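# Fold and geometry: a report
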Amino acid sequence: MSEFFLELFSEEIPSKLQVNARKRLLEKLKNFFQENEISIKGNLNVFSTPNRLIVYIDKITKKISKKSQEIRGPNINASDKALEGFVRSNNTTKSKVFKKKTNKGEFYFFKIPSQKINTSDLLKENIPNILSKISWNKSMKWNDYNLYWGRPLKSILCVFDGKKLDFNFYHLKSSNTTFIDKETEEKTKSFSNFKSYNSYFKSLGILIDQEKRKSFISNELIKLSNKKKLKVKLKKEILEEVTNIVEKPKILLCEFDEKYLIIPREILIITMQNHQKYFPTFDKKENLTNNFFVVADTIDPKGFVKLGNERVVEARLSDAEFFWKRNKSQNLVKQVSKLKNINYFKGLGSYFDKVQRIRKLCGLISDEMLISKEKIEIASSICKVDLMSDLVGEFPELQGILGGYFAEAQGFDKEISNAVSEHYFPIGMDSITPKKPYSVALSISDKLDSLVGFFGIKLKPTSSKDPYALRRMAISLVRLIIENNKSFKLRDLINYSCMLYKEQGTEFDTKLLQKDLSEFILERLKNYLKEKQIRNDIIESSTNISNIDEILKVFKKSLALNKNIKKDFGQDVISIYKRSSNILFSEKQNSPDIIGSADPGLFKNDFEKNLYKRIHDIRKYFSSIGKSENYEESLKELSLAKNEVNEFFDNVVVNDVDPVIKKNRLELLKMLCKSFENYFNFSKIEA
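## What about the overall build of the chain?
Scanning the chain for helices and strands turns up 25 helices and 20 strands. For 687 residues, the compact-globule estimate of 2.2 N^0.38 gives 26 Å, and the C-alpha radius of gyration of the chain, at 35 Å, exceeds that figure by more than 25%. Taken along the three principal axes of its C-alpha coordinates, the chain extends 100 × 90 × 50 Å. The buried share among the 687 residues of the chain stands at 49%. Look at the contacts in the chain between residues 6 or more apart in sequence, and 69% of them connect residues 24 or more apart. Looking at the chain as shown, the accessible area adds up to about 34900 Å², and 47% of this sits on carbon and sulfur atoms. Charge separation in the chain, taken as the distance between the mean sites of 119 positive and 90 negative side-chain charges, equals 4 Å.

## Digging into the sheet that holds strand β7 (residues 105-112)
In spatial order, the strands read β5-β7-β6; together these three strands make up an open sheet with antiparallel pairing. Taken across any chain shown, the strands that pair with only one partner, and hence form the sheet edges, are β5 (69-75) and β6 (97-102). The average angle at which neighbouring strand axes cross in this sheet is 40 degrees, direction not considered. Bridge analysis of β5 against β7 gives five bridges, and the strand direction is antiparallel. The partner of N75 across the bridge, within β7, is F107. Along the sheet, helix α2 (residues 80-89) makes contact with β5, β6 and β7, crossing β5 at roughly 160 degrees.

## Overview of helix α11 (residues 373-382)
Note on helix geometry: an α-helix contains 3.6 residues per turn, so any two residues three or four positions apart are oriented the same way. Those residues of α11 lying buried are I376, A379, S380, S381 and I382. Tucked inside the fold, the buried residues of α11 contact α9 (332-335), α10 (351-369), α13 (401-409), α14 (414-422) and α15 (437-456).

## Re the confidence of the model for the chain
Of all residues in the chain, 100% have pLDDT values of 70 or greater, and the mean over the chain is 93. No element of the chain has a lower mean pLDDT than strand β4 (residues 63-66), which averages 78, and none a higher one than α15, which averages 98.

## Some remarks on the pattern of salt bridges
On inspection of all chains with the given rule, the structure shows 49 salt bridges. Here K360 and E503 are joined by a salt bridge, their closest N and O atoms 3.5 Å apart. With K360 in helix α10 and E503 in helix α17 (residues 490-503), this pair connects stretches of sequence that are 143 residues apart. A salt bridge links E608 to R665; the nearest nitrogen and oxygen atoms lie 2.8 Å apart. In this pair, E608 sits in helix α22 (residues 606-625) while R665 sits in helix α25 (residues 659-676), placing the two residues 57 residues apart along the sequence. The exposure class of E608 is buried, given its relative accessible area of 1%. Owing to a relative accessible area of 5%, R665 belongs among the buried residues under this scheme.

## Brief notes about the nonpolar core
In globular proteins that are soluble, nonpolar side chains generally tend to be buried together. Counting residues in each nonpolar core, the largest one holds 133 residues, and the members touching the most others are F488, L517, I551, L561, F676, Y679 and F682. Here this core takes 10 residues from α15, the largest share from any one element. The residues contacting Y679, other than those within four sequence positions of it, are K557, A560, L561, F622, E629, Y631, S634, L635 and L638. Listed in part, the 36 residues of the second largest apolar core include A21, I38, L153 and F160.

## Brief notes about the side chain of R479
Considering the arrangement of structural elements, one finds R479 in helix α16 (residues 470-483). The class of R479 is buried, set by a relative accessible area of 6%. Within polar-contact distance, the side chain of R479 engages the side chain of T433 at 2.8 Å.

## Considerations on the packing of helix α7 (residues 265-275) against helix α8 (residues 304-328)
Packing of α7 against α8 leaves a shortest axis separation of 11 Å and a crossing angle of 145 degrees. Between α7 and α8 the crossing geometry is right-handed. Contacts from I267, L268, T271 and H275 in α7 reach R316, L317 and A320 in α8. For the contact of α7 with α8, the residue count by class is four nonpolar, two polar and one charged.

## A closer look at the sheet that holds strand β1 (residues 2-10)
Taken in spatial order, the five strands of this open sheet run β2-β3-β1-β11-β12, and their pairing is antiparallel. Edge positions in the sheet fall to β2 (44-48) and β12 (163-164), since each of these pairs with one other strand and no more. Where β2 lies against strand β3 (residues 52-60), five bridges are found, and the strand directions are antiparallel. Counterpart to S48 in the pairing with β3 is L53. Packed on one face of the sheet, helix α4 (residues 194-203) meets β1, β2 and β3 and runs near 140 degrees to β3.

Reading the values: the criteria
Residues numbered from 1 in each chain as written. Predicted model: local features only at pLDDT ≥ 70, side-chain atom pairs only at ≥ 80, totals over all residues. Heavy atoms only, no water. Helix = DSSP H or I, 4+ residues; strand = E, 2+ residues; numbered from the N terminus. Rg over C-alpha atoms; globule rule 2.2 N^0.38 Å. Buried < 20%, exposed > 50% of the residue type's maximum accessible area, 1.4 Å probe, protein only. Contact = heavy atoms within 4.5 Å. Areas by Shrake-Rupley, 256 points an atom, 1.4 Å probe, with all protein chains shown as cover. Lys, Arg positive; Asp, Glu negative; His and termini not counted. Charge placed at Lys NZ, Arg CZ, Asp CG, Glu CD. Pairing = 2+ DSSP bridges. Axes fitted to C-alpha atoms, helices over the stretch in contact; angles between N-to-C directions. pLDDT = per-residue confidence, 0-100. Salt bridge = Lys/Arg side-chain N within 4 Å of Asp/Glu carboxyl O. Core = buried A, V, L, I, M, F, W, Y, C linked by side-chain atoms within 4.5 Å. Polar contact = N/O pair within 3.5 Å; in protein donor to acceptor, adjacent residues only side chain to side chain. Left-handed = near helix turned anticlockwise from the far one by under 90°. Nonpolar A, V, L, I, M, F, W, Y, C, P; charged D, E, K, R; others polar.

Next comes the structure, spelled out in structure tokens:
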């Protein structure tokens with residue numbers, strides 16, 4: 001077995017482009033090796049640093065054996081031109097072509113003899129093609145050359161079995177040499193294997209393997225934070241990005257002036273984390289401290305790098321402090337009318353219009369949630385005012401959150417400021433879900449108003465595009481309902497929302513909108529159920545409704561059935577329903593008018609009477625439970641019909657010779673199925 005080693009040296013490639021390049025290069029190489037039957041016994045690794053994209057295979061076959069193969073050509077009755085084309089395409093002669101009968105007729109064939117091919121020859125021939133197929137989201141071209149790469153490509157090192165592989169890739173010629181000084185690109189060094197290459201760069205403090213680099217950074221951050229009695233939160237995306245923008249990481253502990261800690265912590269965290277790629281620190285009580293970690297790409301013996309990073313943060317926080325002091329004192333209520341100058345969306349009015357709609361929706365919801373109508377209307381009136389602040393202009397990801405801080409600073413009730421702060425949440429499937437009643441009411445109203453508006457002006461998502469994040473908004477609506485254990489009359493709220501738009505001069509096709517939006521929300525409910533590991537057949541059965549008022553009920557029923565379907569009573573429920581519904585289905589054509597209304601006066605035996613009584617017990621149960629239904633107990637209640645159903649089928653002939661008796665027995669089974677459908681339609685459940 002041999003070793004294969006490839007390095008592509010370029011200008012610094014941004015983090016996301018590196019990640020994509022690694023994935024695509026790995027994918028292209030795997031496909032190439034598979035198609036050419038090149039055996040790899042070791043690992044196929046793709047590494048990267050800001051300047052280097054590296055492929056390393058420690059054990060790859062030196063030669064590959066190609067078995068002899070018969071290539072079928074045209075039918076013997078085809079034209080001479082077809083035969084000549086076949087000969088030419090296979091780079092052979094007519095003398096080597098032979099005829100052979102198959103079950104589809106007689107054809108010309110050409111036999112490729114078995115052969116041994118050097119893997120190195122295949123690589124030399126195909127690497128340029130593989131590299132050219134790597135697609136970049138953004139690419140650059142250097143000088144007058146025609147090569148497009150993530151950043152200008154400067155050199156290619158390629159070694160197989162200790163020897164360099166020669167090939168050309170656009171203007172570049174491969175070698176066994178690379179630049180070892182990325183700043184000046186003056187010093188070069190030759191390598192004959194990956195071990196010496198890796199060892200050399202390791203001696204310079206450079207970690208070629210991004211996973212080892214990431215592990216080193218996270219371990220050092222945790223070790224240093226523990227040493228300083230601090231806590232550090234390693235946000236996955238930031239750690240990944242930092243790993244890809246350094247090659248010889250050095251952790252520096254920096255600090256900023258404590259006076260900035262009076263600024264809302266979200267501003268400080270986003271400044272350090274999202275803008276500067278630093279790691280903020282916290283004390284044991286989860287309070288933000290004025291210390292932060294920087295992952296530098298060099299040692300810092302004189303502290304210049306540390307000082308430089310501290311100055312950058314100082315400048316940013318100084319601006320943030322100025323805007324914070326100015327914005328928090330600007331009266332929120334007086335600014336509401338200024339929202340008339342900010343357009344929400346073409347056809348949907350201004351943000352002032354949106355706030356008025358949300359306020360009225362919140363007023364309606366407040367009655368259901370038993371909260372103060374006055375408070376929720378105040379919260380909804382000021383919830384968008386922070387959009388006019390300097391801070392939201394600088395930190396758009398903090399809209400709402402900053403509004404909550406402004407409201408708190410101006411003495412608004414805590415429930416009002418919390419509602420303003422949380423009304424954008426949850427954002428999709430992963431973020432936090434508001435739990436406080438005022439926050440829930442405002443969040444639902446805001447999202448419902450947006451969904452109704454965009455669906456009303458025919459901007460609902462397509463299969464591939466969702467530019468206004470309406471799917472995320474709808475899944476957030478589903479989460480607000482389920483995770484707060486609340487039921488809302490969404491259909492009434494949608495109709496009311498349409499009326500509010502109409503009052504402002506925008507009229508929608510309410511009936512069509514209700515249908516489309518209901519289906520859209522139910523699709524998001526399906527996605528939510530999938531996330532909760534609910535079986536697909538249960539999801540399909542439970543969501544086979546058009547009533548979006550029952551989202552919470554559907555979720556709870558699905559969860560209960562999913563949990564208990566393998567238990568005896570769960571299996572009994574499915575079996576009872578299937579056995580009855582199968583007979584009804586088989587008799588559908590002969591008895592199409594079965595509605596589920598059996599006449600006890602036509603019963604001929606106790607088995608029919610007992611089943612009829614059990615059905616009435618089930619109906620009585622479902623009519624008495626109300627909103628406090630225990631869905632597991634409901635399944636157990638349904639399973640109690642097992643004995644009556646089995647005795648009925650064991651002792652009663654449904655297809656009686658008397659058509660009246662037969663129909664009455666089918667009506668009885670229909671009654672049973674309809675009673676079970678108080679839970680939901682079990683017809684799609686797989687036993």
